[in-house]
Amino acid sequence: MADTRTGGARSSFRGAARPMTRVSLRNIAAHKLRLVLSVLAVVLGTAFVTGSLVFTATLKSTFDRLLEEGTQDLSAMIEPAPAPGAGED
């Protein structure tokens, strides 16, 4: 690690970070609409994925509950035989 008091690599890196930060902030200020639209795209994408997962889980639990309620009063239930070569869980 270079000594920062003698102008080593670390001190030159810190000096280079300030102009980059300034340029980045100036670029964000110049393209506000692009920033807002990018943030909106990320938020909407996340919301759609989350909504799809919630909808799938809700639909599955609803069908499971309906099938459980529909078969509650049965005295016998016919199920298909397991496929040949399929192991039991």
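Given the structure is predicted, the values throughout are model-derived calculations rather than measurements.

Student: Mind showing me how you'd approach the overall build of the chain here?
Tutor: A tally of regular secondary structure across the chain gives two helices and zero strands. Here the chain holds 89 residues, and the buried ones make up 1% of them. Roughly 8400 Å² of accessible area belongs to the chain as shown, and the carbon and sulfur atoms make up 66% of that amount.

Student: Teacher, can you tell me more about a nonpolar patch on the surface here?
Tutor: Nonpolar side chains collect at one region of the surface, where L25, I28, L35, V39 and V43 lie side by side and expose about 440 Å² of accessible area between them. Secondary-structure elements contributing two or more residues to the nonpolar patch are α1 (9–30) and α2 (32–70). With three residues, the single largest contributor to the nonpolar patch is α2. When its relative accessible area of 55% is taken as the criterion, L25 is described as exposed.

Student: Mind showing me how you'd approach the pattern of salt bridges here?
Tutor: For side chains of opposite charge, pairing can occur when their charged atoms come near one another. Counting across every chain of the model gives two salt bridges. In this structure, K60 and D64 form a salt bridge, with 2.9 Å as the shortest nitrogen-oxygen distance. Placement of both K60 and D64 in helix α2 is noted, with a separation of four residues, approximately one turn of the helix. Between R65 and E69 there is a salt bridge, and its shortest N-O distance comes to 3.5 Å.

Reading the values: rules and limits
Residue positions are given per chain, counted from 1 along the sequence in the order it is written. This being a predicted model, a pLDDT of at least 70 is required before a residue's local features are given, and a value of 80 or more before pairs of side-chain atoms are given or counted; all residues contribute to the totals for chains, interfaces and linings. Side-chain calculation: all heavy atoms of the structure are included, whereas hydrogens and water are not. Secondary structure is summarised from DSSP: a helix means a run of H or I of at least four residues, a strand means a run of E of at least two, and numbering begins at the N terminus for each. Only protein chains enter the accessibility calculation, which uses a 1.4 Å probe; a residue is then buried when its area is under 20% of its type maximum, exposed when over 50%, and partly exposed in between. In this description, accessible areas are obtained by the Shrake-Rupley approach with a 1.4 Å probe, and a residue is regarded as covered only by the protein chains that are shown. Only residues above 30% relative accessible area that lack a salt bridge enter a patch, with like-charged residues linked at up to 9 Å and the nonpolar side chains Val, Leu, Ile, Met, Phe, Trp and Tyr linked at up to 5 Å. We define a salt bridge as a side-chain nitrogen of Lys or Arg found within 4 Å of a carboxyl oxygen belonging to Asp or Glu.

Read these as spatial facts, not as claims about activity.
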